[in-house]
Amino acid sequence: MPKDNSIKSVLIIGSGPIVIGQACEFDYSGSQAARSIREEGIKVTLINSNPATIMTDPMMADRVYLLPLTVESIEQILEENDIDAVLPTMGGQTALNLAKEAEELGIWEKYNVRLIGVDIKAIDKAEDRELFRNWMIEMGVPVAPAHTANSFLEGKDFAQQIGFPLVIRPSFTLGGGGAGFVHDKSELDEALNRGLQASPIHEVLVEKAVLGWKEFELELLRDNADNVVIICTVENFDPMGVHTGDSITVAPAMTLSDTAFQLMRNTAINMMRDLGNFAGGCNVQFALNPETEEIIAIEINPRVSRSSALASKATGYPIAKIAAKLAIGYNLDELENQITQNTSAYFEPALDYVIVKIPRWNFDKFKGANDVLGLQMKSVGEVMGIGRSFTEAVQKACQSLENDAIGLGTYNKNPAMRPDDLLQYISIPKWDRLFRIKDALMAGVSIKSIVDATLIDPWFLHQIKHLCDIEKQLIEADLDTLTIDLLKEAKRHGFSDLQIAKALGNKITEDQVYEKRKALGITRVFKMVDTCSAEFEAKTPYFYSTFEG
Amino acid sequence: MQPKNSLVIMNNSSNQAILVLEDGNVFYGKSFGKIGTTTGEICFCTGMTGYQEVFTDPSYTGQVLILNNVHVGNYGIYDKDVESDSVKIRGLIGRNLEEKYSRPVAQKNLQNYLADNNVVAISGIDTRALVAHIRTQGAMNCIISSDGKPVEEILELLKSIPSMDGLELASTVSTKEPYITGQKYATKKVAVLDFGIKQNILTNLVNRGVAIKVFPAKTSAQEILDYKPDGFFLSNGPGDPASMDYAIETIKEIIKEDKPVFGICLGHQLLALSHGINTFKMHHGHRGLNHPVKNIITGRSEITTQNHGFGVDPEAIKQSENVEVTHVNLNDNSIEGIRIKNKPFFSVQYHPEATPGPHDSRYLFDQFVGML
């Protein structure tokens, strides 16, 4: 179906204040959506209570309302404008909740406004944990054993039935607010109380914890004709137990076989098709048992999210822009790939590089805050590294953290810990776990011991160990004995010149390393993020630098 | 053709390998898999999962494969993830070919698997530059060498590789003897012409409750008809379909029965050829798990797995009175599916059985079995 010509004016709901768990990704998606809809000749009205956003710049929309995100504000806008449709999927959970509230009060009906890009029943099914579970069970999709509790006593009762470890998840909260692990009985009372209080409807899900399973996320797009594509598959470096927003994540998935991936793909597509009548972006999370390769569905978010912003950058595919076009009636197979401009938007991006996202925490500024990572998101931002290998990408991400880290190679912020202390330390996920894992590998701790302590997939640890091996060779060398092969190897694995200089020691400077490698002809090349692994010529790609040859 | 770059004799102790293209371009990398020298037509596959299924796909016979995905081997080798009984690629080119893997059910690593199967591979290659080169210059022959072979010998070998154009390979990978598979007491029987069939095509047919007899590529029409099948399946396979007169003749005979015929990939090209539609060698083919195809009969689209270096001629179909297009590629409008007017014959260029790849197109097996 081509564009729906009955839509002449669209209201986009923003996400409000930037808080931990919901940051500028919705400014990005909202801005993309506004542009995408306006270029179709449709009037865009925008509401956001946060003026410190790009989307509220006067040129982004035909009319911008800086008003509190309340039903009253919505009514005011609908009074003052002739709005045909509202797009609530670009402003995160906040926008969806507001759209839902207005729906319940009959506001949309009163002003004859259609909700586009989402189905209200779909929101309920996706966001209410009990409905979600029942829906999954109906569809035959496995989920972790769980019960919904509306009171403390009920919760306690279910916890005894299911057994520990458990997860307490409050219904309808942002970024996992109020959620927590319960490893044993002593932690139960506090976690239950906190969860019930965090939920606006005083409801929690008491769920069996699948600690140690691997976590994957699929970013999908669906159109009105039920066409579905997977834009990106993201693998979490941290196993189940750390909020995705606080996890180091990698795309494309590194350790996923085709059989396991197709099982996820089929399940995600069935979930999305069954979710209700909507067109747009969606995110589905799965946990995979590495031993049996069975999967369980964790959650589905019928909207663009933090991870779709990352997936857009990771693949080059503009998810929010296309999602907005789907919401106004286009189908995927009628749109073109925005990057190649001569192939179809209905396809699944292929990557010939690796991206690594590392969250950025600010525990320095929150003295006394609990820095253990869990189900509630604590990071305040994230960095993305891109390279022609996982090692290069993870180093670039570490170099971008704007802390004292100089890549993953050298980071000596913590006083040197002994191997046993390190193993103990990394068994609890904290913001610097990646660096301490590297320290442990440098200290000769075995990969098996680290897997046992962290449940992180050994493939990633082997890769980090390779970085340690290179660093050890660099430590052995000095500027004169540094061979071209070793220098090349270090550059290909993402070592910065400064990092190499530090490893060589003896007061060698970054400039000296730079001069040496220039003299040896080791220089960076630039590669494209083009959505298609170079299969087609790209017209509007973006570039990253790397070392080849 | 003489190489433009001068070849450097390698120091074999440092584990080096060399890739030489027909047009004279040279790439240096690290030896992986078997130490040796291999030749074939270079091609690239953009899929990000399912390397083992790709290596064992008979349609890749004679090909030296570039995998665009930068890490290959991460989840090891699992004996169930195969599409035939042996590795079919002639060589492998990658950016990072991995020895270390993690997958509890896997039995061995990529290095040992390739070495055990005599596949010469090269790692550390700027695969993106190489793929861009093939995209612009087209498919060509190449050599990977890691055994320190003298330059003169490599150049001689390069000249001796036959062109894929006009090359008949299907009969070399087809079963040698006919065999029975599927449901023993099924009421419907399918005769499968094996030109290099993928295991999962048979699995998809078997799962739909039919009895199957698989015939070698060069079986006579009479022998196939003696099985008294309710339908015919034309398999995928390697090589140039236009070189397969024997198969085209057989198909012309069996379609006289007016029973359902379903073709995939090479089988699709052969169905076209047997109806007077010619095929051609593509510039660099379609190989990946993400190709968009529109079913123009239903209006639904599907993401497909593809692996072909030849295609059917759209102009010839336009002029044909009895062949019509059912599926088109949304990227380049190439022909992805045809059917014969007023006959129960249809075929697709892509792989609805897709291992590896999306399962969007399994409905074609239902369609075929439903017609029997």
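Within each chain, residue numbers correspond to sequence positions counted from 1 in written order. Throughout, the order in which chains and ligands are written sets their labels, letters from A for the former and numbers from 1 for the latter. Per-residue local features are limited, in this predicted model, to residues with pLDDT of at least 70; the limit for side-chain atom pairs, both in listing and counting, is 80 or more; totals at the level of whole chains, interfaces and linings are taken over all residues. Only hydrogens and water are removed before side-chain values are computed, so all heavy atoms of the structure are retained for them.

### Overview of unusual backbone geometry
- Cis geometry marks the peptide bond from Phe164(A) to Pro165(A), where omega comes out at -5°.
- Cis geometry marks the peptide bond from Ala251(A) to Pro252(A), where omega comes out at -5°.
- One non-glycine residue with positive phi stands out, namely Asp226(A), at about 75°.
- Mapped onto the elements, Asp226(A) comes out in the loop between β10 (214–222) and β11 (228–236).
- When its relative accessible area of 21% is taken as the criterion, Asp226(A) is described as partly exposed.
- The backbone of Cys265(B) sits at a positive phi, close to 60°, despite the residue not being glycine.
- Note on conventions: DSSP H or I runs of at least 4 residues are helices, E runs of at least 2 residues are strands, and numbering of each starts at the N terminus. Considering the arrangement of structural elements, one finds Cys265(B) in the loop between β14 (261–264) and α9 (266–273).
- Note on classification: 1.4 Å probe, protein chains only; a residue is buried when its accessible area is under 20% of the maximum for its type, exposed when over 50%, partly exposed between these limits. For Cys265(B), a relative accessible area of 2% corresponds to the buried category.

### A look at a nonpolar patch on the surface
- Think of a patch as exposed residues, more than 30% relative accessible area, with no salt bridge, where like charges cluster within 9 Å and nonpolar side chains (Val, Leu, Ile, Met, Phe, Trp, Tyr) cluster within 5 Å. Per-residue and other accessible areas were derived by the Shrake-Rupley procedure at a 1.4 Å probe size, with only the shown protein chains allowed to occlude residues. Each reported salt bridge corresponds to a side-chain nitrogen of Lys or Arg within 4 Å of a carboxyl oxygen of Asp or Glu. A grouping of Ile20(A), Phe366(A) and Val380(A) is seen on the molecular surface, where their side chains present a nonpolar patch of about 250 Å² in accessible area.
- Examined against the element boundaries, Phe366(A) turns out to sit in the loop between β15 (354–360) and β16 (381–387).

### Here's the deal with the layout of surface pockets
- Only protein atoms enter the calculation, which uses a 1 Å grid: trapped sets of points that fit a 1.4 Å probe without letting it out are cavities, open sets showing protein on both sides within 12 Å along at least five of seven lines are pockets, and any residue with an atom within 4 Å of a point is a lining residue. Grid points are joined across faces, edges and corners, and a volume is the space filled by probe spheres set on the points. Reported here for the largest pocket is a volume of approximately 1,200 Å³.
- Looking at the largest pocket, it is lined by 36 residues, and the ones nearest its centre are His466(A), Glu489(A), His493(A), Lys30(B) and Ser123(B).
- Elements with a minimum of two residues in the lining of the largest pocket: α16 (458–476) and α17 (484–492) of chain A together with β2 (26–33) and β7 (96–97) of chain B.
- Computed from the structure, the second largest pocket encloses a volume of approximately 680 Å³.
- If you go around the second largest pocket, you meet 28 residues; those closest to its centre are Phe181(A), His183(A), Val372(A), Leu373(A) and Gly374(A).

### Focus: the packing of aromatic side chains
All names here are of chain B.
- Here a pair means two rings of Phe, Tyr or Trp (six-membered ring of Trp) with centres within 6.5 Å. Their orientation is stacked below 30 degrees between planes, edge-to-face above 60, and tilted elsewhere. A complete count under the given rule lists 14 aromatic pairs over all chains for this structure.
- Ring geometry for phenylalanine 262 versus phenylalanine 368: centroids 5.5 Å apart, planes at 45°, classification tilted. With a gap of 106 residues between them, phenylalanine 262 in strand β14 and phenylalanine 368 in helix α11 (residues 363–371) connect regions that are remote in the sequence.
- With a relative accessible area of 0%, phenylalanine 368 lands in the buried category.
- Each member of the aromatic cluster is reached from another via a ring pair, and the members are Phe233, Phe262, Phe346, Phe365 and Phe368.
- Cation placement over rings: the criterion is NZ of Lys or CZ of Arg within 6 Å of the ring centroid and within 35° of the ring normal. Its guanidinium or amino end placed over the ring of tyrosine 227, lysine 189 lies 4.6 Å from that ring's centre, counting from NZ or CZ.
- Sitting over the face of the ring of tyrosine 246, lysine 218 holds its NZ or CZ atom 5.0 Å from the ring centroid.

### Looking at the interface of chain A and chain B
- Any pair of residues with heavy atoms lying within 4.5 Å of one another is described as a contacting pair. Contacts between the two partners involve 56 residues from chain A and, on the opposite side, 52 residues from chain B.
- For the pair chain A and chain B, the summed buried surface comes to about 4,200 Å²; carbon and sulfur atoms form 47% of the total.
- At the junction of chain A with chain B, the criterion picks out nine salt bridges.
- Residue Glu293(A) is joined to Arg103(B) by a salt bridge in which the shortest nitrogen-to-oxygen separation is 2.6 Å.
- Polar contact criterion, stated in full: a pair of N or O atoms within 3.5 Å, where within protein one must be able to donate a hydrogen and the other to accept it, and residues adjacent in sequence count only if both atoms are side-chain atoms. Seen at the junction of chain A and chain B, the total is 32 residue pairs in polar contact (both at pLDDT 80 or more).
- Secondary-structure elements contributing two or more residues to the side of chain A that touches chain B are α9 (258–274), α16, α17 and β17 (525–529) of chain A.
- The element best represented in the side of chain A that touches chain B is α9(A), accounting for eight residues.
- When grouped by side-chain class, the residues that make up the side of chain A that touches chain B number 23 nonpolar, 14 polar and 19 charged. When two components associate, each loses some accessible surface as probed by a 1.4 Å sphere; the sum of these losses over both components is called the buried area. When residue character is reported, Ala, Val, Leu, Ile, Met, Phe, Trp, Tyr, Cys and Pro are called nonpolar, Asp, Glu, Lys and Arg charged, and the others, Gly included, polar.

### A look at empty space enclosed by the protein
- Applying the stated criterion across every chain, the model contains 16 cavities of 30 Å³ or more.
- Size it by volume and the second largest cavity reaches roughly 280 Å³.
- Surrounding the second largest cavity, 22 residues form its lining, Thr233(A), Phe261(A), Glu348(A), Pro349(A) and Met48(B) being those nearest its centre.
- Elements represented by at least two residues in the lining of the second largest cavity include exactly β11 and α9 of chain A together with β15 (279–295) of chain B.
- The element best represented in the lining of the second largest cavity is β11(A), accounting for four residues.
- Residue classes in the lining of the second largest cavity are distributed as 13 nonpolar, seven polar and two charged.

### Remarks on the sheet that holds strand β9 (residues 204–208) of chain A
All names here are of chain A.
- The rule for pairing is simple: two strands pair if DSSP sees at least two bridges between them. Reading across from one edge, β6-β9-β7-β8 is the order of the four strands in this open sheet, with antiparallel pairing throughout. At either end of the open sheet lies a strand with only one pairing partner, and these are β6 (146–149) and β8 (180–182). Put simply, the sheet's adjacent strands are angled 25° from each other on average, direction ignored.
- Taken together, the five bridges between strand β7 (residues 166–170) and β9 define a ladder with antiparallel strand orientation. Along β9, the bridge assignment pairs valine 167 with glutamate 207.
- Fitting a line to C-alpha atoms yields each axis, with helices limited to the stretch in contact; the angle taken between N-to-C directions then spans 0 to 180 degrees. Running over the sheet, helix α7 (residues 152–162) touches β6, β7 and β9 and is turned about 170° from β6.

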